[in-house]
Number of protein chains: 2
Amino acid sequence: MKARRKRSANGASSNRCLGLGIIGLGTVGTGTLKVLAEHQREIQRRHGCDLQLKVICSRSVHQRDLSWLGQPVKITTDWKEVIADPEVNIVVELVGVLPTARAIAFATLEAGKHLVTANKQLVAEHGAELVERSRTHHVGLGIEACVAGGTPVLHAVREGLAGENFSAVYGILNGTTNYILTEMERRGCSFAEVLAEAQEKGYAEPDPTFDVEGYDASYKIAILAMMCFGQAVRVSDIPVDGITRIDQVDFAYARRLDHTVRLIAGARRRAGNRLELFVRPMMIPISSRLAGVRGATNGVLLVGNKGGNTSFTGRGAGGEPTGVAVLSDVVQIARSIAAGGARPTPFGYEDLRPSRIAGPDENVVATYLRLVVRDRPGILGRVCAILGRHRININSVLQEPDCEKQWLPFVMTLEPTQEKHVTRALKEIARLPFLAERPLLLPFVDLP
Amino acid sequence: MKARRKRSANGASSNRCLGLGIIGLGTVGTGTLKVLAEHQREIQRRHGCDLQLKVICSRSVHQRDLSWLGQPVKITTDWKEVIADPEVNIVVELVGVLPTARAIAFATLEAGKHLVTANKQLVAEHGAELVERSRTHHVGLGIEACVAGGTPVLHAVREGLAGENFSAVYGILNGTTNYILTEMERRGCSFAEVLAEAQEKGYAEPDPTFDVEGYDASYKIAILAMMCFGQAVRVSDIPVDGITRIDQVDFAYARRLDHTVRLIAGARRRAGNRLELFVRPMMIPISSRLAGVRGATNGVLLVGNKGGNTSFTGRGAGGEPTGVAVLSDVVQIARSIAAGGARPTPFGYEDLRPSRIAGPDENVVATYLRLVVRDRPGILGRVCAILGRHRININSVLQEPDCEKQWLPFVMTLEPTQEKHVTRALKEIARLPFLAERPLLLPFVDLP
């Protein structure tokens, strides 16, 4: 039985026909089916692989009309049947819920079948184990759809830039937050206004926490960092800060400084091969490539030692763009089976090393500090005194005209210093009696 | 002998040690050596392949100091020795001259050795033959370095977007012309001024024809079109127009229209699976991604049926960025050898079909028409009469103030119509006695 399964999974038949089983019929599952139905013939001509959809599994599959597929296909509500099906060589796992996705993924690999998954949480949290299991069982593992949907950044890092060593990667990896920020910037609206509108249009979830607090982006940057640096990054090691405190005044001040605000997920190689990881709103130059990434689009900037800066932008979500990524992984597995059994190593690195994390506090950065005060004499003097005590130099003080006395925002830009000094000073500033809200601190990052 | 060679080329030894022979020590050759020397160890850890430089061949190799390589390496002035060397598995061809590059490439494949080349002319003109020969001899063929230097766009098309079908690809593929255009735009200088400066700085060749007339870009778009559409495009089928007639006034008018001028190399799928191919200066929206590609940077925009728009920007030339691309191909070949002999198909498509070309004349486009006249009464009326006779609607007429009477440029934007109608009208307009120079026609293209 085991031998037969193995042959079924790895054996390159002469016509390269490969059976697919798709588990999960949400947005991505449906998108994948559509892309497959439409591109099947071109994929065969382009890549020489004959992909055959064999089984579809979803809890609601019996209520779905799948006649548009134009071909008979087995349906089931039990994912174990997909994996056990002798006609299925590649299992495409598109279930959103983590425990189920995890069970499917490991069962697939244990059964000696190839796995393609779009579940970022699964890959970010269990990436190293999945790689090890796929190696043991000599099967392929595709993860392109986990990061930046239809934008093939993982393939680019792993194959197209295989000869590069990276010093940093920066990404706009969450479409919802980028939509909110760029709409705030464009129209001068508040966070709450744009969020409500995005929820109405279905661009943001009813509970937007996972997106707006930066968690979604943290899974994606974990995966990108593993690929760029070969370290088994833990999501829990990534400090996360969201965009809920960004106000439209921040865009007005940012513009005066030729910058704008974006939620940046980043990983930088620091001294001693340690990684600095973060998800946080930052001040980036208005002329930078990531500042040009607008709406729900995703963008990634790779900084290489030898090749310089390379950037990618494209669709970050959506059923069909993500379906393209899923099928690209399927094709890569199919082609390597046909060629004799290449086993794409999903992270590029043969083995992920334990991660070595650098604290953000060591970072020397220029910062943007926005205070909102109830106006009275002597405010600036007291703030400056605290900053001076912490040996922080002020670069500029900006105040937009015509603000309310009781809710008066003003901005100080601070010269480069270790962030921990600013953090300490902020704790003192936060206790000042005239503050109308908690100070907002955004680092500047000098992106090309 | 043949058997031994074959084993040496394809046999996956247990430590995956692969011998490289590099032919050509110009900018790219030297850059490749530097990237290899610096990244060799990381490549081994990241991809599990032990790349060993065995032979270097160049006419001037005996005059070169290669002690910085830090390892003994054979040198020769005869490229045949590189191919014949039993320790060499992968031949890296970095010779600029086409006849030599062609001889090396075919001799390498005939000898059953893997080939990586950076020669765009070779690949654009002999791509289909090279693919056929590499298939016959079961060897790999890497071409990433031929297009957009360090920007891994070919890998992205072939692997990362393997599940996509493209409807169009647009590129800024020549760094010299993009540097000239973006400097003209930024500083309001003339073409001649910026060109002279670029030549002084070494950004442009003493004879800039190959770049500024669009020939360089035509080789690159030929390769990209082969990869995106699977047709064996001939470079001679690509109509080419350069940037020498672009004037600084065109940028002034473009700005008034929220557009800018870029040299765009493009390939679009048209009805009946025919391809429209072109290299020409075009009016693109100032907000588009390619408009943001400045200086000597390259940019590519892929329009997919299902994944939407994906764009890439990065270094388009330079020794080390191109060296990264060369090594990325080497690594891909090495990894597939180790995995059992996968043979990357350089164009993705198993077989390139004969190309089917659509004429640009069928295209319905809005156009920018710039006329320069010796001012006198009645000019506009005569031009409008000709356009009217050809049933071309005028959208707007623009004239910048304060121009000389004897060299007075003005612009008409024309509503969408088949380009052949405009071309015919232009022939009549060009005969008008008051024209101070030949009319300039630029199509608008609505890029995202």
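Residues numbered from 1 in each chain as written. Chains lettered and ligands numbered in written order. Predicted model: local features only at pLDDT ≥ 70, side-chain atom pairs only at ≥ 80, totals over all residues.

### Considering the overall build of chain A
Reasoning step 1: Looking only at helices and strands, one finds 14 helices and 17 strands in chain A.
Reasoning step 2: Taking 22 Å as the expected radius of gyration for a compact globule of 448 residues, we find that chain A reaches 24 Å, a close match to that expectation.
Reasoning step 3: Based on the C-alpha atoms only, the size of chain A along its principal axes is roughly 80 × 50 × 35 Å.
Reasoning step 4: By residue count, 54% of the 448 residues in chain A fall in the buried class.
Reasoning step 5: Here the analysis covers contacts within chain A between residues at least 6 apart in sequence; of these, 75% occur between residues at least 24 apart. (Helix = DSSP H or I, 4+ residues; strand = E, 2+ residues; numbered from the N terminus. Rg over C-alpha atoms; globule rule 2.2 N^0.38 Å. Buried ≥ 20, exposed ≤ 12 C-beta atoms within 10 Å, placed from the backbone. Contact = placed C-beta atoms within 7 Å.)

### Thoughts on the nonpolar core
Reasoning step 1: Counting 281 residues, the largest nonpolar core has Ala225 of chain A together with Ala225 of chain B as its most contacted members.
Reasoning step 2: When near neighbours in sequence (up to four residues on either side) are disregarded, Ala225 of chain B contacts Val169, Gln231, Val233, Ala267, Leu275 and Leu277 of chain B. (Core = buried A, V, L, I, M, F, W, Y, C linked by C-beta atoms within 7 Å.)

### Observations regarding unusual backbone geometry
Residue and element names in this part refer to chain A.
Reasoning step 1: The phi angle at His138 is positive, at roughly 55°, despite the residue not being glycine.
Reasoning step 2: Topologically, His138 is positioned in the loop between α5 (120-136) and β6 (141-142).
Reasoning step 3: For His138, a count of 13 C-beta atoms within 10 Å corresponds to the partly exposed category.
Reasoning step 4: A positive phi angle, near 60°, is found at Asn273, a position not held by glycine.
Reasoning step 5: Relative to the elements of secondary structure, Asn273 occurs in the loop between β9 (259-270) and β10 (274-285).
Reasoning step 6: What makes Asn273 exposed here is the crowd of 12 C-beta atoms within 10 Å.

### Digging into the relation of the copies chain B and chain A
Reasoning step 1: Expressed as a screw operation, the relation of chain B to chain A combines 0.0 Å of axial shift with a rotation of 180°, fitting to an RMSD of 0.0 Å. The superposition of one copy onto the other is thereby described by a two-fold rotation axis. When each C-alpha of chain B is compared by its distance to the rotation axis, Phe312 of chain B comes out closest, at 2.3 Å.
Reasoning step 2: Interface residue correspondence from chain B to chain A reaches 100%, placing this contact among same-surface, isologous pairings. (Least-squares fit on C-alpha atoms with pLDDT ≥ 70 in both.)

### Brief notes about the domain arrangement of chain A
One widely used convention gives an interface's size as the accessible area the parts lose upon coming together.
All names here are of chain A.
Reasoning step 1: Partitioning chain A into structural domains gives domain 1 (2-149 + 319-352), domain 2 (153-315) and domain 3 (363-443).
Reasoning step 2: On a C-alpha basis, the centroid separation for the pair domain 1 and domain 2 is 28 Å.
Reasoning step 3: At the interface, 19 residues of domain 1 touch 21 residues of domain 2.
Reasoning step 4: Counting residues per element, the ones that place at least two in the side of domain 1 that touches domain 2 are α5 and α12 (319-338).
Reasoning step 5: It is α5 that provides the largest number of residues to the side of domain 1 that touches domain 2, a total of 7 residues.
Reasoning step 6: Broken down by class, the residue content of the side of domain 1 that touches domain 2 amounts to 11 nonpolar, 5 polar and 3 charged. (Domains from an automatic or database assignment. Nonpolar A, V, L, I, M, F, W, Y, C, P; charged D, E, K, R; others polar.)

### Quick look at the sheet that holds strand β6 (residues 141-142) of chain B
Residues and elements named next belong to chain B.
Reasoning step 1: Strands sit in the order β3-β2-β1-β4-β5-β6 across an open sheet of 6 strands; the sheet is parallel. Each having just a single partner strand, β3 (74-76) and β6 make up the two edges of the open sheet.
Reasoning step 2: Note that strand β1 (residues 17-23) and strand β2 (residues 50-57) share 7 bridges and pair parallel. In the strand pairing of β2, Gly19 is matched with Gln52. (Pairing = 2+ DSSP bridges.)

### Topic: the sheet that holds strand β17 (residues 435-443) of chain A
Residue and element names in this part refer to chain A.
Reasoning step 1: Strand order across the open sheet formed by 4 strands is β15-β16-β14-β17, with antiparallel pairing between neighbours. Because the sheet does not close on itself, it has two edges, and the strands there are β15 (394-398) and β17. Averaged over all pairs of adjacent strands, the angle between strand axes in this sheet comes to 15°, irrespective of strand direction.
Reasoning step 2: Two elements, strand β14 (residues 364-373) and strand β16 (residues 408-418), share 9 bridges in a ladder whose sense is antiparallel. (Axes fitted to C-alpha atoms, helices over the stretch in contact; angles between N-to-C directions.)

### Section: the interface of chain B and chain A
Reasoning step 1: Listed by partner, the interface residues are 52 residues for chain B and 52 residues for chain A.
Reasoning step 2: Those elements giving two or more residues to the side of chain B that touches chain A turn out to be α2 (27-47), α6 (153-160), β12 (308-315) and α12 (319-338) of chain B.
Reasoning step 3: Looking at the side of chain B that touches chain A, the element that brings in the most residues is α12 of chain B, giving 9 residues.
Reasoning step 4: Residues that form the side of chain B that touches chain A fall into these classes: 14 nonpolar, 26 polar and 12 charged.
Reasoning step 5: Here 3 bridges tie strand β12 (residues 308-315) of chain A to β12 of chain B, and the two strands are oriented antiparallel to one another. Looking at β12 of chain B, one finds that Thr313 of chain A is bridged to Ser311 of chain B.

### A few points about helix α11 (residues 248-256) of chain B
Helical periodicity: at 3.6 residues per turn, an α-helix aligns residues three or four positions apart in one direction.
Residues and elements named next belong to chain B.
Reasoning step 1: For α11, the set of buried residues is Asp250, Phe251, Tyr253 and Ala254. The arc that holds the buried residues of α11, viewed along the axis, is 165°, so those residues lie on one side. In α11, the exposed positions angled more than 90 degrees off the buried face are occupied by Arg255 and Arg256.
Reasoning step 2: Packed against the buried residues of α11 are α7 (175-187), β9 (259-270), β10 (274-285), β14 (364-373), β15 (394-398) and β16 (408-418).
Reasoning step 3: Note on α11: the residue one or two positions beyond its end, Asp258, has a positive phi of about 60°. (Arc of directions from axis to C-beta.)

### Details of helix α8 (residues 191-201) of chain A
Residues and elements named next belong to chain A.
Reasoning step 1: For α8, the set of buried residues is Val194, Leu195 and Ala198. The arc that holds the buried residues of α8, viewed along the axis, is 100°, so those residues lie on one side. Seen from the buried face of α8, the exposed residues on the opposite side, beyond 90 degrees, are Ala192 and Glu200.
Reasoning step 2: Tucked into the core, α8 has its buried residues touching α7 (175-187).
Reasoning step 3: One or two steps after α8, the chain reaches Gly202, where phi turns positive at roughly 85°.

### Details of the confidence of the model for chain A
Reasoning step 1: Confidence along chain A averages 91 in pLDDT terms, with 95% of residues attaining 70 or more.
Reasoning step 2: Across residues 1-14 of chain A, confidence stays below pLDDT 50; counting only partners more than four residues off in sequence or on other chains, it has 16 contacts. (pLDDT = per-residue confidence, 0-100.)

### A word on the packing of helix α4 (residues 98-110) of chain B against helix α5 (residues 120-136) of chain B
Residue and element names in this part refer to chain B.
Reasoning step 1: One way to put it is that α4 packs onto α5 with a least axis distance of 11 Å and a crossing angle of 15°. Accordingly, the angle class assigned to the pair α4 and α5 is roughly parallel. Classified by chirality, the crossing of α5 by α4 is right-handed. Between α4 and α5, the residues in contact are Leu98, Ala101, Arg102, Ala105, Phe106 and Leu109 and Gln121, Leu122, His126, Leu130, Arg133 and Ser134, respectively.
Reasoning step 2: Residue composition of the contact of α4 with α5, grouped by class: 7 nonpolar, 3 polar and 2 charged. (Parallel < 35°, antiparallel > 145°, perpendicular 65-115°, else oblique. Left-handed = near helix turned anticlockwise from the far one by under 90°.)

### Examining the packing of α5 of chain A against helix α10 (residues 215-229) of chain A
Residues and elements named next belong to chain A.
Reasoning step 1: Here α5 crosses α10 at 50°, and the two axes come no closer than 9 Å. Taken together, α5 and α10 sit at an angle that is classed as oblique. Where α5 crosses over α10, the two elements pack in a sense that is left-handed. Seen from α5, the contacting residues are Lys120, Gln121, Val123, Ala124 and Gly127; seen from α10, they are Tyr219, Lys220, Ala222, Ile223 and Met226.
Reasoning step 2: Broken down by class, the residue content of the contact of α5 with α10 amounts to 6 nonpolar, 2 polar and 2 charged.

### Let's talk about the pairing of β10 of chain A
Regular strands show a simple pattern: their side chains alternate between the two faces of the sheet.
Residues and elements named next belong to chain A.
Reasoning step 1: The buried count for β10 comes to 10 of 12 residues, which makes it a mostly enclosed element.
Reasoning step 2: In the sheet, β9 pairs with β10 via 12 bridges, with the strands oriented antiparallel. Counterpart to His259 in the pairing with β10 is Pro285.
Reasoning step 3: In this structure, the hairpin formed by β9 and β10 is closed by a connection of 3 residues, where Gly272 is found at a positive phi of approximately 70°.

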